[in-house]
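Here are the chains, one letter per residue:
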Amino acid sequence: MRTTLAPRPYGAPRPYESYVYAYPHKTAYRPLADRPALRGVWAGERKDALSLYLHIPFCEVRCGFCNLFTRIGAPDELTTRYLDALDRQAIAVRDALAEAEAGAESVRFAAAAFGGGTPTYLDADELDRLCDIAEKRMGADLRAVPLSVETSPATATADRLAVLAERGATRLSIGVQSFVDAEAKAAVRPQRRAEVEAALGRVRDARIPVLNIDLIYGIDGQTEASWRHSLDAALAWRPEELYLYPLYVRPLTGLGRLGTGGDAAWDDQRLRLYRQGRDHLLAHGYEQMSMRMFRRPDVPFQDAGPDDHACQTDGMIGLGCGARSYTSTLHYSFDYAVDMREIRTLIDTYTATEDFSRAEVGRRIDGDEARRRHLLQSLLQAGGMAEADYRERFGSGPAEDFPAELARFSASGWLDESAPAGLLRLSPEGLAYSDALGPALFSPAVRASMAAYETK
C-alpha cells in the first residue's frame, strides 16, 4: 500500500501536472497542409551548432509506464528495413540542408544522440551502421562531439557497448528505474537486480565517460526505505549522472489500462520521495541541474553535453519516425501514437517511404511561442535564465511578456528571491514544482490543440 500523507491545502497546485521535455508537445502538432519542402524550411536558419537525434523505435519489452513511440520486437528483418529508411531520410535531409545553404560546408553538428525506444535493441553491426548514417550521411563527427545513447539492462551487451565506445559515445543512459525486483515488477518492467548489476558492470568495463542511471519514484508499493535502497544501489556505481523521474500513468500504457495512480495522496507521496532523493544526492556531493537531473561536479562538461549548443535557440535535426526537428519557426515530425497497433502501422509506413524531402506533421512557432519556449526551457534549469539574454533575443523582458505567470510563480514561492540581479532562477520549491510550473507557461492555443488531440 502507498503511504498516505497529509493532504495539500485546498487550491494548492498539483506538483505533477505534466513532464515538459519539449514545447510544444507533439500532441499539439497537426498535419501540415502545405507539406513544406525541407530546403525552404531550413533556408536562412543557423546551421553551425545543430543537434542530431536518431530515433530507434524498438524495445525488447514495453514498460508499464511507457508512452514513448516504440514497439516490442522487430520481426521479418524490420530493423534492416528501418535502417534503410533512416538512410534514405538522412540523404534527403542532408541534401535539403545543402540546398538551403547553397553548400554543405556551413552545416555543423554540436551534439548527437541515439534514443528510442532502445537504440541498443539493434545488434552490434546495426549500431555500426547507425553510426555510419550519422557520420557518412549527415556529416556529424561522432568522435568530436558529445554522443549520448540510451540503453537497457537486457541490451547493454559487451559487443554493443564496444561499438558505441569505439564510435565515440561519451554518455550512456540506462533505464534501471528500481533496484528492487518487486518494484520493477509493479512497474511492469521484467528485470532482476542481478541482471541490472551485470549490465552496469559491462558499461563501466566499456569505459564510456558518462554513465547516467534513471530511477523512478512513486511506484506502487515503494516506501521511503526501498527508495533509499535504490538510491544507494545506484550510488555504489558512482554514476556521473542520475535522473530521478516521478512515475506518470498515461492513457494507453500498461499501467493506464490497470487504472493505477492519479489521486492526491499519490502526488504527496511522490513529492516526499522527490525531496528525499534530492537531499540524499546533494548530501553525496551531486549538483542539481534540474528537477530530474543530478550530476557529479567532477564530470567534464564536454563529456556530458555540448558547450556551444543552446536548446532554446539552436536547431535540431531528428531522423526516424518518432524524432522531431526544430527550426526557429517550425517544429516538425511524423505522426504520433502510443497504442501498439497504431505504432506498428506508422513504422510500416515510415519504412515504405521513399520521399523524405518534406515536413509532414508539425506546428508553426510564432513570436509568442518562441518567447514561451525560451523562458520555459531556461527557467526549468537550476541555473536559471539571464534576463539580458532574453531581452537581447526578443527586445523585451520576461516580466513584460509574462507578468501574470511570473507574479504567480513568485507568490507561490517558486522564484529564488536571493538570485543575483538580472537572473531569473527557481527556488528549491520551484524546482520541486517544475511539472506544474512548466505547463503554466503553455499558450492557450497549444493547450487547446493538446486537449483536442485524439489519443491513439
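All figures in this text were calculated on a predicted structure; none of them were measured in a lab. (Residues numbered from 1 in each chain as written. Predicted model: local features only at pLDDT ≥ 70, side-chain atom pairs only at ≥ 80, totals over all residues. Heavy atoms only, no water.)

## Overview of the packing of aromatic side chains
Under the definition given, this model contains 17 aromatic pairs. Judged by centre distance (5.1 Å) and plane angle (40 degrees), the ring pair of Y82 and Y350 falls under tilted. One end of the pair, Y82, is in helix α2 (residues 78–101); the other, Y350, is in helix α11 (residues 340–352), with 268 residues separating them in the sequence. Here the two residues Y82 and Y350 agree in accessibility, since each one is buried. Seen from their ring centres, Y217 and W227 are 5.5 Å apart, and the 55 degrees between their planes marks the pair as tilted. One end of the pair, Y217, is in strand β8 (residues 210–217); the other, W227, is in helix α7 (residues 224–235), with 10 residues separating them in the sequence. (Phe/Tyr/Trp six-rings, centres within 6.5 Å; stacked < 30°, edge-to-face > 60°. Helix = DSSP H or I, 4+ residues; strand = E, 2+ residues; numbered from the N terminus. Buried < 20%, exposed > 50% of the residue type's maximum accessible area, 1.4 Å probe, protein only.)

## A look at the confidence of the model for the chain
Overall, the prediction assigns the chain a mean pLDDT of 89, with 89% of residues at 70 or greater. A low-confidence stretch, residues 1–10 stays under pLDDT 50, and its non-local contacts, those more than four residues away or across chains, total 21 contacts. Segment residues 251–258: pLDDT under 50, and 23 contacts once partners within four positions in sequence are set aside and those in other chains are kept. (pLDDT = per-residue confidence, 0-100. Contact = heavy atoms within 4.5 Å.)

## Things to note about the nonpolar core
The biggest cluster of nonpolar side chains holds 113 residues, and the ones touching the most others in it are L52, L215 and I317. When residues in this core are grouped by element, the largest group, 11 residues, is from α2. With sequence-adjacent residues up to four places away left out, L52 is seen in contact with F109, A111, A112, A113, A134, M138, A140, I317 and L319. Counting 8 residues, the second largest nonpolar core, distinct from the first, contains I216, I219, Y245 and W266. (Core = buried A, V, L, I, M, F, W, Y, C linked by side-chain atoms within 4.5 Å.)

## A few points about the pairing of strand β14 (residues 330–333)
Burial of the side chains of β14 extends over both faces: L330 and Y332 are buried on one face and H331 and S333 on the other. Remark: 3 residues form the turn of the hairpin made by strand β13 (residues 325–326) and β14, two consecutive strands paired antiparallel. Bridge count between β14 and strand β15 (residues 361–364): 4 bridges; the pairing is antiparallel. Bridged to S333 within β15 is V361. (Pairing = 2+ DSSP bridges.)

## Quick notes on the environment of D368
By the secondary structure assignment, D368 is in helix α12 (residues 367–379). If we skip the residues at most four places from it in the chain, D368 touches F402 and S443.

## Quick notes on the pattern of salt bridges
This model, assessed by the stated rule, comprises 33 salt bridges. Residue R292 is joined to D435 by a salt bridge in which the shortest nitrogen-to-oxygen separation is 2.6 Å. On the criterion of sequence distance, the pair formed by R292 in the loop between β10 (287–288) and β11 (293–295) and D435 in helix α17 (residues 434–440) is long-range, its members being 143 residues apart. No difference in accessibility class separates R292 from D435, as the two residues are buried. Taking the shortest distance from any N to any O, the salt bridge between R372 and D368 comes out at 3.0 Å. With a gap of 4 residues between them, R372 and D368 both fall in helix α12, about one helical turn apart. The class of R372 is buried, set by a relative accessible area of 9%. Taken together, the shared-partner salt bridges connect D128, D132, E135, K136, R143, E166 and R167 into one network. (Salt bridge = Lys/Arg side-chain N within 4 Å of Asp/Glu carboxyl O.)

## Considering the pairing of strand β12 (residues 316–319)
In β12, alternate side chains face the same way, and those of M316 and G318 on one face and I317 and L319 on the other are all buried. Where strand β2 (residues 50–56) lies against β12, 4 bridges are found, and the strand directions are parallel. Of the residues in β12, the one forming a bridge with L52 is I317.

## Points about the side chain of D435
Using a relative accessible area of 2% as the deciding quantity, one classes D435 as buried. A distance of 2.6 Å separates the side chain of D435 from the side chain of R292, its partner in a polar contact. Sequence-distant contacts of D435, defined by excluding residues within four places in its chain, comprise P15, Y16, E17, S18, Y19, P246, Y248, M291 and R292. (Polar contact = N/O pair within 3.5 Å; in protein donor to acceptor, adjacent residues only side chain to side chain.)

## Let's talk about the packing of α12 against helix α13 (residues 387–394)
The N-to-C vectors of α12 and α13 enclose an angle of 165 degrees; their axes lie 11 Å apart at closest approach. Here α12 is positioned roughly antiparallel relative to α13, judged by the angle of their axes. The hand of the α12/α13 crossing is right-handed. Residue-level inspection shows A370, R371, H374 and L375 of α12 in contact with α13, the latter providing Y390, R393 and F394. Residues belonging to the contact of α12 with α13 are distributed by class as follows: 4 nonpolar, 1 polar and 2 charged. (Axes fitted to C-alpha atoms, helices over the stretch in contact; angles between N-to-C directions. Parallel < 35°, antiparallel > 145°, perpendicular 65-115°, else oblique. Left-handed = near helix turned anticlockwise from the far one by under 90°. Nonpolar A, V, L, I, M, F, W, Y, C, P; charged D, E, K, R; others polar.)

## Focus: the environment of S290
Position of S290 relative to the elements: it lies in the loop between β10 and β11. Taking the C-alpha atoms as reference points, S290 and L426, separated by 136 residues in sequence, lie 9.7 Å from one another. Not counting residues up to four positions away in its chain, the partners in contact with S290 are L380, Q381, A382 and L431. Polar contacts involving the side chain of S290 include one to the main-chain amide nitrogen of M293, which spans 3.1 Å.

## Points about helix α4 (residues 158–166)
Turning to α4, its buried residues are R160, L161, V163 and L164. Each buried residue of α4 lies within a common arc of 155 degrees when the element is viewed along its axis, so the set occupies one face. Among the structural elements, α3 (124–137), β6 (147–151), β7 (171–177) and α6 (193–206) are those in contact with the buried residues of α4. Two residues or fewer past α4, G168 is found with a positive phi of approximately 110 degrees. (Arc of directions from axis to C-beta.)

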